Amino acid sequence: MHIFYRGLLLTLFAHSFGYSQHTGQVSDAETGAIIADAKIYVPLLDVYTFTDDNGMFSIETQGAKSIVVSILGYETQEVILETKHILISLHPSIFEMEEVVVSTPFSNLRNQNTITVSTLNTESIQEHGAAVLADALQRIPGVSTLSTGQGIAKPVIRGLSGNRVVTYVNNLRYENYQFSNDHGLDLGASASAVEVIKGPFSLLYGADAIGGVIFVSPLTFTNKKQLTGAVQQRYFSQSLGNETNANFSVAMGKWQFATSGAFAHHADYKTTEEAFVPNSRFKSKGTGVNTRFTNGNYQATFRFAYNDKEAGIIEDAAVSRRYASIDVPYQATQLNQYSLRQKLNTTLGLWDLTTGLTINKRSEFEHHDEAFMDTAHEEDEAALDMHNELISFDLRNTLPSSGSWQQIVGMQWNKQQNTNYGEETIIPNATKKDLGLFWLHVIKNENFNWQLGLRYDNRWLKTDSFIVHAHDYTLQNEEEVTSINRSFDRFNGSIGLTHAIFSQQAQLRLNLSTGFRAPNLAELTSHGVHHGTQRFEVGNAGLHAEHNLQFDFGLSMKSKYLNLGIDGFFNNIKNYIYLDPTDEQEANLQVFEYVQSDATLWGGELYVHYHPQGQFHFESSLEYVRAKRQNGSSLPLIPPLAFHQEIHWAIQPELATFISVDLVDKQDNIGAFETKSTGYGLLNIGGHFDIPIHHGGSSLQLQLLVRNLTNTTYIPHLSRLKTIGVSQPGRNIVLSGSWRF
């Protein structure tokens, strides 16, 4: 990697540093009153400040062309920086303030993007009462969860999951379930914010992102010199779960510092039948250290993240006693992530370089049969022990804008090394290299935003051969999985527009994108028992790369009290890869083989947000996905029709409550190895009480949430435990207390 840093240093010394600062005042557009505590944000540089008691602010912009001004109770406004001192007038709004979307190329407001992007802030995540992040994401229309118990879950975006959904954490690709499509997204529910891009976005995030992108926002820095932060404690009645989260930040001159920590422990959860699901327990711990240095036109941000998790693998439906300690079989994951992001503003544009190292360890523990082992070993040794090391390099240049257009050019390179250390090998030792080159052009005017993009990707993959032992471990039943040396490449593009109509009261959004995904190691080379799903999986070394074409359509309308819209999509995937059951048996389990066929998915989401003048507001959403193979049969693991209704009541500024209803339809459009599922309805209630602590602007929030208030027995269609009859938790009381200072 030294060649990349050498190139960066040459760039640093090749251009002189500049210094740009803007001042201004923010006021109410209707009354002229000054607005204190409004957030002034420079998206391109990820820096912000707040207005003082006189509505005044001063911020370094380092050549940025615009800022975003936001505060609760007013419409979020993007302001073009045409003069050094600016006067900003905000219009009152009863809707929540619009968020800046940082996962898209130019960090625009959400309504300026030609692709569908949804956001969840900290309050929304906590209000859901989820124990893992993938569960909390179900609040977003079009997002579901594929789960193997409450501790192992991963997101499904419009029917696509696994490697088709790319996740970014700390501005790095999060390779935590690359070994198989069935492993979970092992992140807790303490994220500051999450953005979900629905649909192919290989353009910016590279190969694999044909289903969408989950962008977990990094921990934010403060510009205050005194220590700020938050501490939260949560309790879950169904699993006797305890979670503690804390984060702290402070600024010192040109330096900013932030750190975080989290701990969680859950015992077996209780069902509505007053039974306990054995081995549904899990525990995790993690920490993060972050620092940023800013000097004129240069900014460097270093982040380190560590996460350690153990989760039981469920094999039985219910027992009469609850246990808390982790027992075999279980899986353990450990993540170490280092990232360095550097930004330099020059006469040639804003250079943005992110380099990273991710070390992921995944182990699976099971009962051993010593009679068939070549050498003796301890019971606590991992049967499956895989290490994955990822080195990444991402360089982008946001070229100097000219009038109404902006451009980004960039390249991405990464190298992954997978190594086995356990007694079993399901996928081989392997090396994978990716190279991507992209260009993106955006044109803006008063009523239209155009986005055009082109990308080239190349993936090279080389694996070692390995010996697979049959289930009785006798020598004559050994067989060899041969090595693979293959490369995949493809050009992809995107074109889209947003068009404001009816005097800016409505917006039309159209987008056409292509995507590309090479088969992963599991799909190419698997040969053995996958304990998490209790099946024998066999890969196919001859699989072709998937590539798709997706059309997105969106129409939204907004009035003073009503915000409604519809998002539709049609996704055609060539060479769709999936598991197909066979009539064979291995190790007393059914054999599943990876095969492929063309497929189509279509559907969309409908949402309505009604906020009458007063204390109530109503949110409704409807989502639907239909998916078929070329022969007309249904694709597996497709979520059913679902409706969500939520009513919020702001009783007082410091006291609020809500009630929500989830209605999920049956699913009888199923794949070859699936079972049908029945529909169900869930009722949830909750509320929070804020206690201001005037010293330093601190506050204490107490929250009560009751999930599944009516104690309904249900099994989601996307639960991998459906076949053995494992139902979801019954009535779950979640208590939370958080102190912000």
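Structure: see above.
Residues numbered from 1 in each chain as written. Predicted model: local features only at pLDDT ≥ 70, side-chain atom pairs only at ≥ 80, totals over all residues. Heavy atoms only, no water.

*Asks:* Outline the sheet that holds strand E1 (residues 21-28), listing residues and values.
*Replies:* Two modes of strand pairing occur in sheets, parallel and antiparallel, and in both the strands are linked by backbone hydrogen bonds. The mixed open sheet is built from three strands, whose spatial order is E4-E1-E7. Each edge of the open sheet is held by one strand with a lone partner, namely strand E4 (56-60) and strand E7 (85-90). In this sheet, adjacent strand axes meet at a mean angle of 30 degrees when their direction is disregarded. In the sheet, E1 pairs with E7 via six bridges, with the strands oriented parallel. Along E7, the bridge assignment pairs Thr23 with His85. (Pairing = 2+ DSSP bridges. Helix = DSSP H or I, 4+ residues; strand = E, 2+ residues; numbered from the N terminus. Axes fitted to C-alpha atoms, helices over the stretch in contact; angles between N-to-C directions.)

*Asks:* Provide a residue-level description of the environment of Phe304, including the pertinent values.
*Replies:* With respect to the helices, strands and loops of the structure, Phe304 is situated in strand E19 (residues 298-312). The exposure class of Phe304 is buried, given its relative accessible area of 18%. Once residues lying within four places of it in the same chain are set aside, the contact partners of Phe304 are Thr287, Gly288, Val289, Asn336, Gln337 and Tyr338. (Buried < 20%, exposed > 50% of the residue type's maximum accessible area, 1.4 Å probe, protein only. Contact = heavy atoms within 4.5 Å.)

*Asks:* I'd like a description of the pairing of strand E38 (residues 680-693), backed by residues and values.
*Replies:* The pairing of strand E37 (residues 655-664) with E38 spans ten bridges and is antiparallel. Across the sheet, the residue bridging to Ile659 is Ile685, located in E38. Here nine bridges tie E38 to strand E39 (residues 698-707), and the two strands are oriented antiparallel to one another. What sits directly across from Gly687, in E39, is Leu704.

*Asks:* Let's hear about the sheet that holds strand E3 (residues 47-50): which residues, and what values?
*Replies:* Ordered by their spatial adjacency, four strands build an open sheet running E3-E2-E5-E6, and the pairing between neighbours is antiparallel. Of all the strands in the sheet, the pair left with one neighbour each is E3 and strand E6 (77-80). Direction aside, neighbouring strands of the sheet carry axes that sit 25 degrees apart on average.

*Asks:* How would you sum up the pairing of strand E13 (residues 193-198)? Please name residues and give values.
*Replies:* Counting buried residues along E13, five of its six residues qualify, which places the element largely inside the surrounding structure. Pairing analysis gives six bridges linking strand E8 (residues 116-121) to E13, with the strands arranged antiparallel. Directly across from Val117, in E13, lies its bridge partner Ile197. Judged from the five bridges that link them, E13 and strand E14 (residues 212-216) form a sheet pairing that is antiparallel. Bridging across to E14, Val194 finds its partner in Val216.

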